[in-house]
Amino acid sequence: MSESPLSPHAVPTIAHAQTKAVALLLLAGTLLVLFVLYVMQARGVFTENQQLLLVAENAEGVTVGSDLSFSGFPIGRVSRIELAEDGKAHIHLDIPLTQARWLRTSSIFTLERSVVGSAKLRAYSGMLDDPQLPDGARRDVLIGDAAAGVPELVATAHKLIDNLERLSNADSALSGTLTNLQQFSASLNGKHGALGALLGNEKDVAKVVASLEQTRALLVDARASLQKLDASLVNMQAISSDLRPIVDDAKAISGNVRGASEDLDALRAEVDLNLRKVSGMVDELNRKWPFAREQKLELP
Amino acid sequence: MAELLSQTFPAIRQRGPWGLWLRSKRLLLFSAQIALALLSPRFHQAPLYQRTAQVLCSSAWQTLASYLLACTLISAVLTRLVTVSAASYGLSHLALEGVLRVFVIEILPLAATLFVATRAVPPALRHFAQASVRRQATLADVLPCVLGNATAVLVLAVFAGILSLVVAYLVVHGLSPWALPAYGRLIGQVFDPVLSLVLLSKIVWFGFAVGLAPTTAVLETQQTPASLEMRIMVRLLFALLLVEVFFLALRLF
């Protein structure tokens, strides 16, 4: 190599090129090594973990490296996803021991899928006094899928739109009702107003108007009759004042008649007594009479 | 070691599809030989390091400040744009991850590669395109160029990537230290081992392509300097496109 007459290529000679190149390489190498160490530390390589197995119906949207969050803070990381023999997705998580205290035996784990972004694993620990989740614990995941409701929503919206279309159709009942309402309001604003709107034709309206006119005439007649009746009542009142002495006399007469009727009662009692005596005397005479017959009834 | 490249890879005169195939095969063999030479301890001697240091300083050291300044500005603007747009759609929790995945992982390595390509390839290309150089060039002559430019791409990509991570944090959270754990967690999520290896491999392949491209001038014959420069730049862009597509396919499958 040293025998070659050629320069490396046409670059100007740079002073202390080797020193600068070594410095550059050292700096780049150091940065690279530090970055790799930082990434390893960020990935939890140097952290002591405990294992957690989450069993889900499907692990769609979950990737290796996804976070398990608690109260919005990442406390674990998915290390492996596998399809188990039972047909369910087994999601293995590494939980740093420093964060494991947030997971309790009563903790609930959810897998939420949003329309945008990847799936999110969340842990909820309502009872922080419960015992801590043991290493290697296995828990089921509750799946909440925002996108799963979309087909149902679309179907419902489709049905709603169909109904709206049916309602807004020219032949629909609502349209007919609105047309009738429009006709009704037009009738209200018409010559005969509410009466025309209620009856609907001129003939009936004319009849009702005529009836009203007749009623008014009747009322006038009734008023005249009432006035006459008032006058008659006044006369009757005058007559009744004239009749009052007669009535008093009649009352006196009826008192006398009552007294007479009481005398008649005594007379009647005396007659009854005499009749009973006569009857007893006749009975006695019949008993003593020789031709008296035996009065006995023979029952068949 | 001192074997002339013009003799190892003789010129191909055929035209048409067969000639294209032979030239492509010769290019692949040349690249493989360069890669093997770089891995061979036989070539790793003091003269190689001295010349590589010159190339590295020319490609990276002298441009480091301006490149980092440009990266800082672009990453700040881009982060701000993405976070504000994401917040307006209620997706602010995805903004930083988007910045990391798109800017730091996809755009910055390519930007570093193109920066080194525009800075270092033209002079190297002019040098290797000279007829005398083409005739007498050996592996030892092209290795410093390949190694120096590839290392420059790696160095610039590392500096720019880490600087962009810092700038993104400052733009989103300011000087508050309380978001550091969450940000570190996000970085840990994005830079998983597979993605990190893919990113590093992509940067190495980008660097190799940029270092190798100007040296392929020694394989060319009967080309005017202008057409040769254009031909090699197109070849470089095609190689970068292939690398990008390959790693995209690798991540998808």
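Figured I'd write up the structure that's included with this text.

Cut-offs applied
Residues numbered from 1 in each chain as written. Chains lettered and ligands numbered in written order. Predicted model: local features only at pLDDT ≥ 70, side-chain atom pairs only at ≥ 80, totals over all residues. Heavy atoms only, no water. Helix = DSSP H or I, 4+ residues; strand = E, 2+ residues; numbered from the N terminus. Buried < 20%, exposed > 50% of the residue type's maximum accessible area, 1.4 Å probe, protein only. Contact = heavy atoms within 4.5 Å. Areas by Shrake-Rupley, 256 points an atom, 1.4 Å probe, with all protein chains shown as cover. Phe/Tyr/Trp six-rings, centres within 6.5 Å; stacked < 30°, edge-to-face > 60°. Salt bridge = Lys/Arg side-chain N within 4 Å of Asp/Glu carboxyl O. Axes fitted to C-alpha atoms, helices over the stretch in contact; angles between N-to-C directions. Parallel < 35°, antiparallel > 145°, perpendicular 65-115°, else oblique. Nonpolar A, V, L, I, M, F, W, Y, C, P; charged D, E, K, R; others polar. Buried area = accessible area lost by both parts, 1.4 Å probe. Polar contact = N/O pair within 3.5 Å; in protein donor to acceptor, adjacent residues only side chain to side chain. Left-handed = near helix turned anticlockwise from the far one by under 90°. 1 Å grid on protein atoms, 1.4 Å probe; cavity = no way out; pocket = protein on both sides within 12 Å on 5 of 7 lines; lining within 4 Å. Points joined across faces, edges and corners; volume = space filled by probe spheres on them. Pairing = 2+ DSSP bridges.

Some thoughts on the overall build of chain A
- Helix and strand content of chain A: five helices and seven strands.
- In chain A, the succession of helices and strands from N to C terminus is α-β-β-β-β-β-β-β-α-α-α-α.
- Looking at chain A residue by residue over its 300 residues, the buried ones come to 20%.
- Taking as baseline every contact in chain A between residues at least 6 positions apart, the subset at least 24 positions apart corresponds to 59%.
- For chain A, the accessible surface area stands at approximately 21900 Å², while carbon and sulfur atoms represent 61% of it.

Examining the packing of aromatic side chains
- Under the definition given, this model contains six aromatic pairs over all chains.
- Plain terms: the ring middles of phenylalanine 70 of chain A and tryptophan 102 of chain A are 5.4 Å apart, the flat faces sit at 20 degrees to each other, and that makes the pair stacked. Separated by 32 residues along the polypeptide, phenylalanine 70 of chain A in strand β2 (residues 67–70) and tryptophan 102 of chain A in the loop between β4 (89–96) and β5 (108–113) bring together distant segments of the chain.
- Of the residues examined, tryptophan 102 of chain A reaches a relative accessible area of 26% and is grouped as partly exposed.
- Look at tyrosine 67 of chain B and phenylalanine 115 of chain B: their rings are 4.8 Å apart centre to centre, the planes differ by 45 degrees, and that puts the pair in the tilted class. Remark: phenylalanine 115 of chain B occurs in helix α5 (residues 92–128) and tyrosine 67 of chain B occurs in helix α4 (residues 64–88); sequence separation between them is 48 residues.

What about the pattern of salt bridges?
All names here are of chain A.
- Scanning the entire structure with this criterion turns up eleven salt bridges over all chains.
- With a closest N to O distance of 3.8 Å, arginine 138 and aspartate 86 form a salt bridge. Here arginine 138, found in strand β7 (residues 137–145), pairs with aspartate 86, found in the loop between β3 (73–83) and β4; they are 52 residues apart in sequence, far enough to count as distant.
- Take aspartate 86: its relative accessible area is 43%, and that puts it in the partly exposed class.

Structural notes on the packing of helix α2 (residues 16–39) of chain B against helix α7 (residues 139–173) of chain B
Residues and elements named next belong to chain B.
- Two numbers describe how α2 lies on α7: the axes approach to 10 Å, and their chain directions differ by 80 degrees. Comparing the axis directions of α2 and α7 gives the class roughly perpendicular. Note on element contacts: α7 touches α2 through Leu139, Val142, Leu143, Val146 and Leu147, opposite Gln33, Ile34, Ala37 and Leu38.
- Looking at the contact of α2 with α7, its residues break down into eight nonpolar, one polar and no charged.

Observations regarding the side chain of serine 66 of chain A
- Considering the arrangement of structural elements, one finds serine 66 of chain A in the loop between β1 (49–56) and β2.
- Accessibility expressed as a relative area gives 9% for serine 66 of chain A, which makes it buried.
- When sequence neighbours within four positions are dropped, the list of residues in contact with serine 66 of chain A reads Gly76, Arg77 and Val78 of chain A together with Gln189 of chain B.

Some words on the interface of chain B and chain A
- At the junction of the two partners, chain B supplies 46 residues and chain A supplies 37 residues.
- The junction of chain B with chain A conceals about 3800 Å² of combined surface from both sides, 72% of it contributed by carbon and sulfur atoms.
- The largest contributions to the chain B side of the interface with chain A come from Gln54, Trp61 and Arg185 of chain B, which together make up 18% of the buried area.
- Where chain B touches chain A, the interface holds one salt bridge.
- The salt bridge partner of aspartate 67 of chain A is arginine 185 of chain B, with a shortest N-O separation of 2.9 Å.
- Taken together, the connections running from chain B to chain A amount to five residue pairs in polar contact (both at pLDDT 80 or more).
- Mapped by element, the contributors of at least two residues to the side of chain B that touches chain A are α3 (46–61), α5, α6 (131–136), α7 and α8 (180–190) of chain B.
- The class makeup of the residues in the side of chain B that touches chain A is 31 nonpolar, eleven polar and four charged.

Brief notes about the packing of α4 of chain B against α5 of chain B
Residue and element names in this part refer to chain B.
- It is the contact of α4 with α5, at a shortest axis distance of 10 Å, that shows an interaxial angle of 150 degrees. Judged by the angle between their axes, α4 and α5 are roughly antiparallel. The way α4 lies across α5 gives a crossing that is right-handed. For the pair α4 and α5, the contacting residues are Ser66, Tyr67, Cys71, Ile74, Ser75, Leu78, Thr79, Val82, Thr83, Ala86 and Ala87 in the first and Ser92, Ala95, Val99, Phe103, Leu108, Ala111, Ala112 and Phe115 in the second.
- Looking at side-chain class alone, the contact of α4 with α5 contains 14 nonpolar, five polar and no charged residues.

A closer look at α8 of chain B
- Three or more residues of α8 of chain B are buried, namely Tyr183, Gly184, Arg185, Leu186, Ile187, Gly188 and Val190 of chain B.
- For α8 of chain B, the secondary structure elements touched by its buried residues are α1 (17–42), β2 and β3 of chain A together with α5, α7 and α9 (193–215) of chain B.

Some details on unusual backbone geometry
Residues and elements named next belong to chain A.
- Unlike most non-glycine residues, serine 71 shows phi in positive territory, near 55 degrees.
- Assignment of secondary structure puts serine 71 in the loop between β2 and β3.
- Under the relative-accessibility criterion, serine 71 is labelled exposed at 58%.

Here we look at empty space enclosed by the protein
All names here are of chain B.
- Across all of its chains, the model carries two cavities of 30 Å³ or more by this definition.
- What the largest cavity holds in volume is close to 60 Å³.
- Every residue along the wall of the largest cavity is listed here: Ile105, Glu106, Leu195, Val198, Leu199, Lys202, Glu244, Phe247, Leu248 and Arg251.
- Listing elements by their share of the lining of the largest cavity, those giving two or more residues are α5, α9 and α10 (225–252).

Details of the pairing of β3 of chain A
Residue and element names in this part refer to chain A.
- Bridge count between β2 and β3: four bridges; the pairing is antiparallel. Bridge pairing in β3 links phenylalanine 70 to phenylalanine 73.
- Linking β2 to β3, which pair antiparallel, is a turn of two residues; within it serine 71 sits at a positive phi near 55 degrees.
- In this sheet, β4 lies alongside β3 in antiparallel orientation, the contact comprising six bridges. Counted as the bridge partner of isoleucine 81 is isoleucine 91 from β4.

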